[in-house]
Amino acid sequence: MAVNDIQESFGFSVDTHLFRELGELLVGRDSTALMELIKNAYDADATEVVVRGEDLRSPTGAIIVRDDGIGMTPEIFRGAFLRIAGRYKEKGSKLSPVYGRSYTGAKGVGRLSAHKLARRLNIHSVPRELGHEKSDLRGVDATIDWQSVEDDYETLEDARQGLRVDIFPVGPEQAWGTQLILDGLRQQWTSRALTTFVSQISSCIPPSELTSTPPPSLFASQALLGDMVVSSRRPDDPGFTIKFEGDLDAGEDLWPQLLEQTDWLVEIVASPEGVLFNIQPSRSQAKDVNVDQNYQLRRDHPDPNNGPFFSARIYARVGPVRGIGTRTSSLKRFARTSRGVRVYVEGFRVLPYGDLGDDWLNLDRDYARRQREFEIELDDDSTRLLGPVEKETFFTQGNDQYVGAVFMTTAGASSLRPVVNREGFVQDAAFEVLRELVRNGVDLLTRVRASYTRSENVRKLQMLRSGITSDEAPAPAQPAETAGGQEKDRGEIAASRPTDADSETPTAAIDNLSLPISVTRREIKNLREQLGVESGASPRLEIIERAIDYIEEAQRGDEGRATLQILAGVGLQLAAFVHDINGILGLAQSIRILAQAAQHEEKPTQQKKLLRDLENATEELVQSLSRQSSYLVEVVGPDARRRRRRIPYPQIVEPSLRLLTSTLAARRIEVIRDVDQNARTPPMFPAEITIILTNILTNAVKASSEKGRILVHASSDLDGGLVLRVENTGSRVDLKNSERWFRPFESTTTEVDIVLGQGMGMGLPIVRRLVSEYNGSARFVAPSPEYDSAVEVRVPGRRIGQ
């Protein structure tokens with residue numbers, strides 16, 4: 001046979017590492033993976049699923065998922081479960097066989113969720129008799145050893161030993177359903193990680209308090225829009241419940257108590273016919289601000305043909321969670337984990353919307369900036385009813401003050417494209433429509449609050465000045481005209497604004513008061529009630545309340561302590577900032593001297609010299625203030641602690657060196673950069689890495705002699721972690737006793753620097769504390785031959801093999 005006649009067989013093969021690669025790509029986080037398994041139970045027409053965690057903090061932990069769905073026959077197990085990205089759910093009507101539910105896990109990659117969570121999966125499934133006699137049914141008992149599949153075999157075709165399947169006849173007394181046991185968990189959860197995990201999965205389906213009409217005791221029911229449309233379930237569908245047990249039990253349900261703390265409500269229904277907004281105060285809030293009815297407003301849908309179409313219910317709280325005692329502490333923690341506006345499709349949550357740190361509606365961003373004007377395209381009747389209110393954005397609140405949800409069916413969300421790892425939606429035009437309409441509802445609620453609060457503030461301030469008590473005061477007068485200038489219809493309520501005749505607003509009155517440094521939250525609350533000033537209306541009171549919030553949060557948990565560390569680092573820099581402000585006072589004195597000299601006709605040469613000195617000092621001060629403010633923006637700006645991200649090495653050096661530019665120039669210190677231009681840090685908050693490097697560099701500058709040198713070295717470790725080392729000439733540190741400098745108030749410098757100040761001994765402790773959050777280290781090390789001291793910081797990256 002000729003060589004050319006030889007026939008060789010070729011075909012595709014799949015490496016066993018595909019499981020790991022697809023698991024990382026298609027399932028973003030552990031909570032998402034477990035939610036996918038719960039969705040599979042829903043798709044199997046289960047009415048209840050029990051999810052239990054056992055010993056999740058130990059290496060022998062396990063997760064058990066048990067449902068009462070239709071189960072799997074051997075044929076379905078082979079053709080659906082064992083087939084990656086199978087098309088089983090795409091056949092026929094794409095609805096579940098018993099209750100006609102829209103499938104929520106249509107990609108066929110649910111078993112990859114099990115792979116992401118555990119090394120072994122045990123399956124016991126008893127099928128339901130759908131068109132079969134129960135005596136003919138066979139169930140499946142199987143074990144998949146993912147670790148064996150990946151370690152012992154190269155391709156999936158060879159990986160037979162990693163899969164054990166037993167078929168058994170279904171007895172007449174056996175209840176149908178499926179049980180999954182995931183053991184050999186890939187993660188041993190810490191208490192903090194487990195708390196986050198439980199918080200996310202416990203919100204897998206919405207609480208009834210968000211889907212059902214609010215209780216009449218809290219809100220006037222005749223004005224509400226009714227129960228939310230959560231899913232496309234048929235009337236004969238008995239529903240779906242989840243029970244979390246063991247380590248996954250979220251504890252006491254505090255939703256009713258949390259809603260009792262809310263002050264306002266906005267409901268939204270977005271359909272092809274238009275978008276309806278219903279806004280009203282709680283009964284207690286209505287009594288406080290003299291509101292006697294709700295607002296129902298309307299606008300056209302931006303994309304009536306494609307959507308998205310949804311319903312939403314969002315509650316707003318003004319001020320902190322109220323109460324006294326341990327019960328209040330539990331409620332505050334619950335409010336913290338439940339805050340924000342979540343998104344649900346077919347009754348299942350779409351992460352990360354509403355998570356801590358997520359700001360998909362840009363509420364935290366706009367709360368910090370206070371520069372955004374509301375641009376809401378209401379129809380003409382609604383605009384006449386509720387036009388813009390002066391300085392309405394001053395009443396903007398962050399995510400912490402809201403709790404609520406957006407609900408969509410599969411059809412209503414058809415224009416939204418899920419991200420490949422199931423972490424939210426692609427931020428395209430359809431997503432922007434969703435964000436715009438939900439944000440419209442929140443902004444309209446803010447506008448209503450601003451309208452009534454400003455009107456009531458003016459009335460209360462006039463009462464204070466005239467000595468009238470609240471019992472003697474007449475009812476607030478409703479303005480005769482709306483923002484559009486037309487007469488109001490009977491029963492309508494329009495936004496009233498202070499007139500030019502009002503000489504002083506309540507906010508100005510507060511900001512002109514002299515507050516003691518030991519002011520408490522109760523005293524602030526009394527002052528607010530006295531003048532009727534809401535949260536956000538007085539920047540001064542707001543700063544004080546925020547500081548109290550941070551301190552209380554620091555006493556409760558790790559997240560608050562991390563925030564307090566950032567504030568501590570900023571506080572050190574503010575000391576230098578205050579130094580420059582004092583410089584401004586000195587310039588003011590020079591200006592007075594110049595004016596006096598002009599009055600006494602001093603010699604022109606003296607005036608010119610004074611002017612030259614004044615000009616030079618002013619220029620230096622402007623440059624210094626610019627650098628200081630730029631640095632503070634880097635540290636406390638809205639993006640500084642929004643999320644952890646991998647930062648290019650050159651970017652971590654720039655903010656700190658820019659801050660120290662003038663000091664380095666004055667001392668003629670040379671800075672040598674040895675920075676990997678292509679590497680990135682492990683995921684970190686930008687604020688934290690900036691504070692770490694600034695504190696180390698500041699110490700190096702103080703320790704360096706005149707015309708000294710500083711080396712800034714940044715490289716990657718073998719695991720992709722950060723290795724940051726700062727070396728300097730000048731003072732030498734004894735390595736045997738170097739640990740003392742990481743104790744609070746042990747300063748490496750004693751002299752007073754006119755720019756950097758005297759060391760407080762807090763810089764290095766803050767550095768070590770921040771680095772420890774990432775399991776990293778900070779210590780003095782032996783310097784290079786040309787230098788006298790060196791500090792090295794290491795932040796580990798991803799472990800090799802993960």
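Read on for a plain summary of the structure. Being a predicted model, the structure only gives us computed values, none of them experimental.

Considering the packing of helix H21 (residues 686–703) against helix H22 (residues 763–772)
Following both chains from N to C, one finds H21 and H22 inclined at 150°, their axes separated by 9 Å at the closest point. With respect to H22, the axis of H21 lies roughly antiparallel. H22 is crossed by H21, and the crossing has left-handed handedness. Note on element contacts: H22 touches H21 through Gly763, Leu764, Ile766, Val767, Leu770 and Val771, opposite Glu688, Ile691, Ile692, Asn695, Ile696 and Asn699.

Quick notes on the pairing of strand S11 (residues 310–316)
With respect to burial, S11 is a largely interior element, seven of its seven residues being buried. Where strand S8 (residues 264–271) and S11 come together, seven bridges link them in antiparallel fashion. By the bridge assignment for S11, Trp264 is matched with Ala316. Where S11 meets strand S14 (residues 402–408), six bridges bridge the pair, whose relative direction is antiparallel.

Observations concerning the side chain of Thr729
Looking at the element boundaries, Thr729 is found in the loop between strand S17 (722–728) and H22. Separated by 3.0 Å, the side chain of Thr729 and the backbone nitrogen of Arg709 make a polar contact. Residues contacting Thr729, with those up to four places away along its chain left out, are Ala703, Ser704, Ser705, Gly708, Arg709, Glu786, Tyr787 and Asp788.

A few points about the sheet that holds strand S19 (residues 789–795)
In space, the five strands of this open sheet follow the order S15-S16-S17-S19-S18, with mixed pairing throughout. Sheet topology places strand S15 (670–675) and strand S18 (777–781) at the edges, where each strand pairs with a single neighbour. Within this sheet the neighbouring strands show an average axis-to-axis angle of 15°, counted without direction. Where S15 and strand S16 (residues 709–716) come together, six bridges link them in parallel fashion.

Considering the nonpolar core
Grouped together as the largest cluster of nonpolar side chains are 44 residues, with contacts concentrated most on Phe310 and Trp360. Looking at this core, the elements with two or more residues in it are S8, strand S9 (274–281), strand S10 (295–299), S11, strand S12 (340–345), S14 and helix H13 (429–466). Per-element accounting of this core gives the leading share, 11 residues, to H13. Leave out the neighbours within four places in its chain, and Phe310 touches Ile268, Val269, Ala270, Val406, Phe407, Met408, Leu434, Leu437 and Val438.

A closer look at H21
Here H21 contains 18 residues, and its C-alpha end-to-end distance of 26 Å stays within 8% of the 26 Å for a straight helix at 1.5 Å per residue. Most of H21 is tucked away, with 17 of its 18 residues classed as buried.

Things to note about the environment of Gln261
By relative accessible area, which is 10% here, Gln261 ends up buried. Distance in space between the C-alpha atoms of Gln261 and Tyr315 is 9.6 Å, their sequence separation being 54 residues. If we ignore the near neighbours within four places in the chain, the residues touching Gln261 are Arg317, Pro320, Val321, Arg322 and Leu331.

Observations regarding the environment of Met684
Mapped onto the secondary structure, Met684 falls in the loop between S15 and H21. Owing to a relative accessible area of 0%, Met684 belongs among the buried residues under this scheme.

Quick notes on the rules
Residues numbered from 1 in each chain as written. Predicted model: local features only at pLDDT ≥ 70, side-chain atom pairs only at ≥ 80, totals over all residues. Heavy atoms only, no water. Axes fitted to C-alpha atoms, helices over the stretch in contact; angles between N-to-C directions. Helix = DSSP H or I, 4+ residues; strand = E, 2+ residues; numbered from the N terminus. Parallel < 35°, antiparallel > 145°, perpendicular 65-115°, else oblique. Left-handed = near helix turned anticlockwise from the far one by under 90°. Contact = heavy atoms within 4.5 Å. Buried < 20%, exposed > 50% of the residue type's maximum accessible area, 1.4 Å probe, protein only. Pairing = 2+ DSSP bridges. Polar contact = N/O pair within 3.5 Å; in protein donor to acceptor, adjacent residues only side chain to side chain. Core = buried A, V, L, I, M, F, W, Y, C linked by side-chain atoms within 4.5 Å. Expected span 1.5 Å × (residues − 1).

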